[in-house]
Amino acid sequence: MNYEVIRAEGSPGYDIYFGRGLLGQVSEALGSAVKKVLIVYPEALEASATVIAETLRETSREVWLFPVADGESAKTDQWLGAAWSYLGQAEFSRSDAVIGLGGGATTDLAGFIAATWLRGIAVVHIPTTLLAMVDAAIGGKTGINTLEGKNLVGAFHEAKAVIVDLDSLESLPKIELISGFGEIVKYGFISDQRILELIEGDVDDARDTKSERFAELVKRSIVIKTEVVASDFKESSRREILNYGHTLGHSIELVEHYKWKHGHAVSVGLVFAAELGRLSGRLDDATADRHRNILDLLQLPTSYPSDRWEPLFTGMQVDKKSRGGILRFVVLDGLGKPGILEAPTKDLLFAAYQEICK
């Protein structure tokens, strides 16, 4: 085994196991007090879930398998209700735990199941996509979607532990891997220029899941997120910067009925946010242009159809960052200098949108 432990500070905080060949750490991450475990996973990960279950049963734990739909289709009240019934029938107590095995949608659902059962039981996340490793599984945000928007129903519920096993990415489809870079690039622009330099220096090596460059990108992203979350767990101030590119990104997902990958939608959202920053006089041309250049290098989308503005604008108005009906956007005042643009006019938003239209 080759791993290190990244400490996510908080109340009480938790450990992130980072490295390769880490499935053997699941029992340690749960702790000795946990006797019953529900493993939430998409059907495609049946084999991995079964191996984890067998390993935990060898430690005299009772384990239940709970397969769910793949992707955002799992983040519904129907799956949540089914999980509650499952936990009730199995008589889960406050000393028991849920494991979220899968991508960001699965860890979002598993975390919300744990947050709502008996007002909160332990959850351990085992993210298996790049997006989940650098974003969804870290930071304690949990939730489900509604017809009106993404993640509008949820709770803040810190994990007991997170296990980031880079080996689980070796069979990840290319589209899923590239999607995760949407979030990694975000971290580069809001906090750590070295991330951008690593990608620009050798994009092929950066996308090689076995390379040291790739591991450094993932670790840097995790560290940024844990530090930001530790300073503002419930997103009352600084944590908002993690939503850079997400206001338009979430609206794209809604308009596309969640058929777009999250990282792809965020990629378009990043270019939009850069143009919004430029047009509002807050961001220099070179940094704004760098968004499109680096995302193009990664083969992520940087434009969107011109005839979608009205439904996108409607979707942005129900965004979680809006306050009192006033839209708020994270923009940059320079590289690594995120800030808030509050109540931009519809004309300004439309002008920025024209810059990303196909």
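Description of the structure in this document. Everything numeric here is computed off the predicted structure, so don't read it as measured data.

## Side note on the overall build of the protein chain
Working step 1: Each helix and strand counted, the protein chain has 14 helices and eleven strands in total.
Working step 2: Relative to a compact globule of 358 residues, whose C-alpha radius of gyration would be 21 Å, the protein chain shows 20 Å and is just as compact.
Working step 3: Principal-axis analysis of the C-alpha atoms places the extent of the protein chain at approximately 60 × 40 × 35 Å.
Working step 4: Within the protein chain, the fraction of its 358 residues that count as buried is 56%.
Working step 5: Carbon and sulfur atoms form 49% of the exposed surface of the protein chain, whose accessible area is close to 14300 Å².

## Points about the pairing of strand E9 (residues 161-165)
Working step 1: With five of its five residues buried, E9 lies for the most part within the structure.
Working step 2: Residues Ala161, Ile163 and Asp165 line one face of E9 and the alternating positions Val162 and Val164 line the opposite face, and both faces are buried.
Working step 3: Taken together, the two bridges between strand E6 (residues 122-127) and E9 define a ladder with parallel strand orientation. Note on E9: the bridge partner recorded for His125 is Val162.

## Some remarks on the packing of aromatic side chains
Working step 1: By the definition in use, this model includes eleven aromatic pairs.
Working step 2: Ring plane angle 65° and centroid distance 5.5 Å describe the contact between Trp64 and Phe92, whose orientation is recorded as edge-to-face. Residue Trp64 is located in strand E4 (residues 62-68), and its partner Phe92 is located in the loop between helix H3 (77-89) and strand E5 (97-102); the two are separated by 28 residues in the primary sequence.
Working step 3: Trp64 sits in the partly exposed class, given a relative accessible area of 22%.
Working step 4: Cluster of aromatic residues (ring-pair linked, three or more members): Trp309, Phe313, Phe350 and Tyr353.
Working step 5: The ring of Tyr187 carries Lys186 above its face, with NZ or CZ at 4.5 Å from the centroid.

## Examining unusual backbone geometry
Working step 1: In the Ramachandran plot, His257 falls in the positive-phi region, its phi being about 55° despite a non-glycine side chain.
Working step 2: The topology assignment puts His257 in the loop between helix H10 (246-255) and helix H11 (262-279).
Working step 3: Accessibility expressed as a relative area gives 62% for His257, which makes it exposed.
Working step 4: The phi dihedral of Tyr258 falls on the positive side, at around 60°, and the residue is not glycine.
Working step 5: With respect to the element layout, Tyr258 can be found in the loop between H10 and H11.

## Here we look at the sheet that holds E6
Working step 1: Spatially, the seven strands line up as an open sheet ordered E1-E2-E9-E6-E5-E3-E4, and their pairing is mixed. Two strands in the sheet have a free side with no partner beyond their single neighbour: strand E1 (2-8) and E4. For this sheet, the mean inter-axis angle between neighbouring strands, taken without regard to orientation, is 15°.
Working step 2: Here seven bridges tie strand E3 (residues 36-42) to E4, and the two strands are oriented parallel to one another.

## Focus on the environment of Arg220
Working step 1: If you trace the backbone, Arg220 turns up in helix H9 (residues 212-231).
Working step 2: Separated by 33 residues in the primary sequence, Arg220 and Tyr187 have C-alpha atoms spaced 8.5 Å apart.
Working step 3: Among all residues touching Arg220, those that are not within four sequence positions of it are Asp192, Arg194, Ile195 and Leu198.
Working step 4: Looking at Arg220, its side chain comes within polar contact range of the side chain of Asp192, at 2.8 Å.

What counts and how
Residues numbered from 1 in each chain as written. Predicted model: local features only at pLDDT ≥ 70, side-chain atom pairs only at ≥ 80, totals over all residues. Heavy atoms only, no water. Helix = DSSP H or I, 4+ residues; strand = E, 2+ residues; numbered from the N terminus. Rg over C-alpha atoms; globule rule 2.2 N^0.38 Å. Buried < 20%, exposed > 50% of the residue type's maximum accessible area, 1.4 Å probe, protein only. Areas by Shrake-Rupley, 256 points an atom, 1.4 Å probe, with all protein chains shown as cover. Pairing = 2+ DSSP bridges. Phe/Tyr/Trp six-rings, centres within 6.5 Å; stacked < 30°, edge-to-face > 60°. Lys NZ or Arg CZ within 6 Å of the ring centre and 35° of its normal. Axes fitted to C-alpha atoms, helices over the stretch in contact; angles between N-to-C directions. Contact = heavy atoms within 4.5 Å. Polar contact = N/O pair within 3.5 Å; in protein donor to acceptor, adjacent residues only side chain to side chain.

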